Amino acid sequence: MGVDEPMLDAPLDRFDLAAPPAPVQPQIPLVPPLAPALSLTSEDDDLPARVSQAEALAAACDTLDALAAAQERFDGIELKKGARNFCFADGNPAARVLILGEAPGDEEDRQGRPFVGRAGQMLDRMVGAIGLSRQATDAEKAIYITNVLTWRPPGNRDPRPDEIAVSLPFLRRHIDLAAPDLIVLMGNIACDAGLGRRGILRLRGHWDQAFGRPALPMTHPAYLLRNPPAKREAWADLLSLSARLD
Ligand code: URA
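Quick notes on the rules
- Residues numbered from 1 in each chain as written.
- Predicted model: local features only at pLDDT ≥ 70, side-chain atom pairs only at ≥ 80, totals over all residues.
- Heavy atoms only, no water.
- Helix = DSSP H or I, 4+ residues; strand = E, 2+ residues; numbered from the N terminus.
- Buried < 20%, exposed > 50% of the residue type's maximum accessible area, 1.4 Å probe, protein only.
- Contact = heavy atoms within 4.5 Å.
- Areas by Shrake-Rupley, 256 points an atom, 1.4 Å probe, with all protein chains shown as cover.
- Pairing = 2+ DSSP bridges.
- Axes fitted to C-alpha atoms, helices over the stretch in contact; angles between N-to-C directions.

1. Focus on the overall build of the protein
Inference 1: Within the protein, the secondary structure is distributed over ten helices and six strands.
Inference 2: Looking at the protein residue by residue over its 246 residues, the buried ones come to 44%.
Inference 3: Taking all contacts inside the protein whose residues are at least 6 apart in sequence as the whole, residues at least 24 apart take part in 71%.
Inference 4: Accessible surface, the protein: about 13,800 Å² in total, of which carbon and sulfur atoms supply 55%.

2. Thoughts on the sheet that holds strand β2 (residues 97-101)
Inference 1: Across the sheet, which stays open at both edges, the six strands sit in the order β1-β3-β2-β4-β6-β5 with mixed pairing between neighbours. The open sheet has two edge strands, β1 (90-91) and β5 (208-210), and neither has a second partner.
Inference 2: Inspection of the sheet shows strand β4 (residues 182-186) paired to strand β6 (residues 213-218) by four bridges, in the parallel sense. Within β6, the position partnered with valine 184 by the bridge is leucine 216.
Inference 3: This element, helix α10 (residues 231-245), spans β2, β4 and β6 of the sheet and lies at about 165° to β6.

This is the structure:
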């Protein structure tokens with residue numbers, strides 16, 4: 001059924017609760033209002049306002065700490081209500097390489113750090129093979145890691161377009177402030193956010209520009225865990241990354 005987490009300490013039988021009052025039908029005005037009534041519009045009609053608010057908040061931040069605080073406080077994303085922890089970034093912000101993933105999974109949501117579950121361990125092994133690490137203090141040998149979304153989507157479903165749209169202003173500012181030399185776009189959601197395109201099996205291995213910087217699409221570590229033969233191409237992509245750094 002998709003249930004993977006208890007949300008309350010004790011079970012709550014919602015079928016036993018008193019029926020909610022019948023919704024009040026909105027009165028249709030005889031004269032149409034001059035401006036559309038917000039309460040009668042569909043759920044997504046406030047998306048432009050939420051995106052503008054995210055843009056204004058992000059633009060006002062001059063440090064990564066300020067940006068993390070502003071993004072965590074931002075309420076314009078429903079996912080925040082169901083997630084346990086805000087997941088901003090991990091690794092060394094001075095790193096030359098920024099790894100962009102998709103969204104926190106279960107373990108990331110528990111710990112409040114990106115890529116700390118099985119896919120994260122795979123990622124550590126992958127970058128380790130070319131001498132990079134999230135623990136490195138030397139910017140030349142370090143990586144910095146973040147995701148398109150900072151809150152976990154329930155049941156690890158794909159991020160929705162509106163969730164990506166309100167997260168993008170923060171992500172753009174995040175990348176500007178971290179100022180990496182190169183970006184690795186891990187999987188389709190990162191390619192969508194950075195290039196406006198999906199189709200990772202065609203995109204992978206081809207250098208492009210994302211967020212104003214050279215970017216290399218690669219297959220996601222979670223995909224490699226499910227499809228070990230694809231590690232061969234991932235290795236070629238890692239060598240391409242390493243050569244570009246040199
Ligand atoms: N997958 C991602 O894309 N990001 C994470 O942080 C974890 C898994």
